[in-house]
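Observations on the model geometry
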Amino acid sequence: MTTTNGTSRTNGDVTKTTITAKAQVSLPPKKSYAELNPKSKPTEFFGPIGTTIVTFATPAVAYALFFTCNEVTGCNPSASSLSNLAHTIGNWPSSAGKLWEWKALAVYLAWYAWCIATWVILPTEWIEGLLLRDGTRKKYKMNGLWFLFLTLGVAIGVLARPGGIEHFTWLYDHFVPLLSAALAMATAQAVWVYAYSFFSGELLALGGNSGIFFYDFFLGRPLNPTIPGLPNWDIKTFNEVRPGLSLWFLLNISCACEQYVRLGYVSDSMWLVLAFEGWYTIDCYIAEPSILNQMDITTDGFGFMLAFGDLAWLPFTYGLQARYLTFNPVQLGPVFSAIIVAIEILGLYIFRVANNEKSDFRNGKNPKNLTYMDTARGTKLLTSGWWGRSRHPNYFGDWLMAWAWCLPTGFNTPITYFYVAYFAVLLIHRQRRDDEACRHKYGKDWDRYVEKVPYRIVPYVY
Ligand SMILES: NC(=O)C1=CN([C@@H]2O[C@H](COP(=O)(O)OP(=O)(O)OC[C@H]3O[C@@H](n4cnc5c(N)ncnc54)[C@H](OP(=O)(O)O)[C@@H]3O)[C@@H](O)[C@H]2O)C=CC1
Ligand SMILES: CC(C)=CCC[C@@H](C)[C@H]1CC=C2C3=C(CC[C@@]21C)[C@@]1(C)CC[C@H](O)C(C)(C)[C@@H]1CC3
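This structure is a prediction, so every number in the text was calculated from the model and none was measured.

**So, the nonpolar core**
Within soluble globular proteins, side chains that are nonpolar generally end up buried alongside one another. Ranked by internal contacts, the top residues of the largest apolar core, which has 130 residues, are Tyr108, Leu250, Phe308, Phe316, Trp405 and Tyr419. With 12 residues, the single largest contributor to this core is helix α9 (residues 175-196). When sequence neighbours within four positions are dropped, the list of residues in contact with Phe308 reads Thr58, Pro59, Ala62, Leu183, Ala186 and Trp313. Of all hydrophobic cores here, the second largest spans five residues; its members include Leu36, Leu132, Leu203 and Leu223.

The following block contains the structure:
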């Protein structure tokens, strides 16, 4: 016999708990592979045509952000600069703009091997993920903070040596060939996990099993892909927070080193970008277990979208601001710096507190005694705190931080605000995807929740 917290409720919300007991529930009969992995309708991203377009467009945009904003052509593309872009790309004067270098691929593979080796070797705690639909729970290694400290320790060791700062500009000086190496790795992984998912018997993502290649390849067919011999190495969770996020940090440091070599100092704008974007990575590793409650891990498959997004898109487009400041140092001054810092702190506060409220709640903790509503699905939905103000307050905080990352670049070009614009599109789209997923998970209870929490992202606005 098990005892569990029962509930009493006022106006539909839970306001206090009483103790009741309920009989041990017998486990449901084991389902077949086909029952566990029903076919999905290709409705996301405007279907197979949309996913095919995004599959080719996102790498093109990542390259375009370099070739339209760099120290050779400047950062204000004109009709003339765009008209001879093909010639410029083919005759780039330095390694930074070379489309391919085997040396860069070797460095990238060594970096990825470092990420795997530290994942295997460093001390860790194993954290259980959410209950999967086959009744199992995966366990995940959470040693990201150890990894980051060790990696940054090695980086500081390099920087502290004579000539170390000059050496560290290598990442900046090989930007495009490293992007190409990351794209190659992402594509190879996406092909592998897609093909292996037909033989592994792994659980599939409910949204990536339409049977249409360009749809499933992009969205991701396997839910938790592994490789033979390393069954505990979950490629999706590893890629989400290791090689790309920390490479972004190192690329930003490399940009600051290049600026220092050129100017003899690092501008206040670069320091702010380095601190804000660097903290985003550190914060992620501090709260690493909370990613296990997020839709990428619980729901989305691992395909080209997440492979390219994690390994190439994030490190090579999110760092556009730092790369721009390398050849366009902006002096902000104390007043504008203070305004930007205030925006970052507000965004970080909302982002972190909202994510912690949900993560604590999903792990059975409710330290603020937030109200919530019961659902037929069994998982409860917070109806106060940040999750009572909008259905994705964490997105609002994250987008405020995006502004704090881009404002230090000043107002000479709109290109350095690409992240703010892209992120708004991604979060609006993601919130609608999540709403759809939650309506599927919760049915009419989600409609009840939406009535209580009508705003999608920005409280009292949107
Ligand atoms: N920098 C970047 O490029 C990106 C950053 N992010 C950030 O990642 C973070 C995670 O976002 P994301 O992965 O989209 O998912 P979320 O962390 O927002 O989680 C969404 C899930 O939370 C659960 N949930 C929703 N409402 C409630 C509620 N009221 N109470 C309890 N649980 C609720 C639902 O799952 P269930 O009920 O099944 O548990 C829902 O599917 C965000 O902070 C976002 O800003 C996201 C994308 C890109
Ligand atoms: C255009 C394109 C291919 C988009 C891919 C989107 C990905 C870049 C993002 C999807 C969800 C992400 C998350 C983070 C990074 C970007 C991606 C992978 C994240 C790991 C950043 C750090 C945060 O603390 C986070 C852990 C909350 C976050 C999780 C979602």
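**Let's talk about the site of ligand 1**
For ligand 1, the set of nearby residues contains 26 residues, the closest of which are Tyr318, Tyr395, Asp398, Asp434 and Tyr442. Contact between ligand 1 and Tyr318: an oxygen atom at 2.5 Å from a side-chain N or O atom of the residue. A distance of 3.0 Å is found between an oxygen atom of ligand 1 and a side-chain nitrogen or oxygen belonging to Asn394. Considering ligand 1 on its own, with 910 Å² of exposed area, one finds that the protein chains cover 93% of that surface. If you list the elements that add at least two residues to the shell around ligand 1, you get α17 (333-362), β8 (381-382), α18 (393-406) and α19 (418-442). For the shell around ligand 1, the element with the highest residue contribution is α19, accounting for eight residues. Residues of the shell around ligand 1, tallied by class, amount to 14 nonpolar, four polar and eight charged.

**Considering empty space enclosed by the protein**
Using the criterion set out here, one finds one cavity of 30 Å³ or more in the structure. Roughly 90 Å³ of internal volume is contained in the largest cavity. Broken down by element, the residue count for the lining of the largest cavity peaks at four residues, all from strand β6 (residues 139-142). A class-by-class count of the residues in the lining of the largest cavity yields five nonpolar, two polar and five charged.

**Points about helix α16 (residues 320-327)**
Counting buried residues in α16 gives eight out of eight residues, a clear majority hidden from the surface. Those residues of α16 that sit buried are Leu320, Gln321, Ala322, Arg323, Tyr324, Leu325, Thr326 and Phe327.

**Observations regarding the state of the cysteines**
Scanning all chains against the criterion turns up one disulfide. Cys115 supplies the cysteine sulfur nearest to Cys284, a cysteine that is in no disulfide, at a spacing of 13 Å.

**Comments concerning the packing of helix α2 (residues 47-67) against α9**
In the contact formed by α2 and α9, the axes pass within 11 Å of each other and the chain directions differ by 175 degrees. As the angle between them shows, α2 and α9 are arranged roughly antiparallel. Of the residues in α9, those touching α2 at Pro59, Ala62, Tyr63, Phe66 and Phe67 are Phe175, Val176, Leu179, Ser180 and Leu183. Grouping the constituent residues of the contact of α2 with α9 by class yields nine nonpolar, one polar and no charged.

**Here we look at the pattern of salt bridges**
Counted according to the given criterion, the structure contains 15 salt bridges. Its salt-bridge partner being Glu258, residue Arg262 comes within 2.7 Å of it at the nearest N-O pair. Taken together, the residues Arg262 and Glu258, both in helix α12 (residues 243-263) and four residues apart, mark about one turn of the helix. A salt bridge links Asp283 to Arg352; the nearest nitrogen and oxygen atoms lie 2.7 Å apart. Here Asp283 is found in helix α13 (residues 268-286), whereas its partner Arg352 is found in helix α17, with 69 residues between them in sequence. Judged by relative accessible area, Asp283 falls into the buried class, the value being 6%. Because the salt bridges share partners, they merge into one network encompassing Glu44, Asp300 and Arg433.

**Some remarks on the site of ligand 2**
By nearness alone, 16 residues border ligand 2, and Glu240, Gln294, Asp296, Asp310 and Leu314 come closest of all. Protein chains shield 89% of the accessible area of ligand 2, which is 630 Å² for the free molecule. Those elements giving two or more residues to the shell around ligand 2 turn out to be α13, α15 (304-317) and α19. Looking at the shell around ligand 2 element by element, the count peaks at five residues for α15. Taken together, the residues of the shell around ligand 2 break down into nine nonpolar, three polar and four charged.

**Digging into the packing of aromatic side chains**
Per the counting criterion, the structure on display carries 44 aromatic pairs. Across the ring face of Trp119, the terminal group of Lys141 is positioned such that the distance to the ring centre comes to 4.8 Å. Taking NZ or CZ as reference, Arg377 lies 4.9 Å from the ring centre of Tyr442, over its face.

Conventions and cut-offs
Residues numbered from 1 in each chain as written. Chains lettered and ligands numbered in written order. Predicted model: local features only at pLDDT ≥ 70, side-chain atom pairs only at ≥ 80, totals over all residues. Heavy atoms only, no water. Core = buried A, V, L, I, M, F, W, Y, C linked by side-chain atoms within 4.5 Å. Buried < 20%, exposed > 50% of the residue type's maximum accessible area, 1.4 Å probe, protein only. Helix = DSSP H or I, 4+ residues; strand = E, 2+ residues; numbered from the N terminus. Contact = heavy atoms within 4.5 Å. Near = heavy atom within 4 Å. Polar contact = N/O pair within 3.5 Å; in protein donor to acceptor, adjacent residues only side chain to side chain. Areas by Shrake-Rupley, 256 points an atom, 1.4 Å probe, with all protein chains shown as cover. Nonpolar A, V, L, I, M, F, W, Y, C, P; charged D, E, K, R; others polar. 1 Å grid on protein atoms, 1.4 Å probe; cavity = no way out; pocket = protein on both sides within 12 Å on 5 of 7 lines; lining within 4 Å. Points joined across faces, edges and corners; volume = space filled by probe spheres on them. Disulfide = S-S within 2.5 Å. Axes fitted to C-alpha atoms, helices over the stretch in contact; angles between N-to-C directions. Parallel < 35°, antiparallel > 145°, perpendicular 65-115°, else oblique. Salt bridge = Lys/Arg side-chain N within 4 Å of Asp/Glu carboxyl O. Phe/Tyr/Trp six-rings, centres within 6.5 Å; stacked < 30°, edge-to-face > 60°. Lys NZ or Arg CZ within 6 Å of the ring centre and 35° of its normal.

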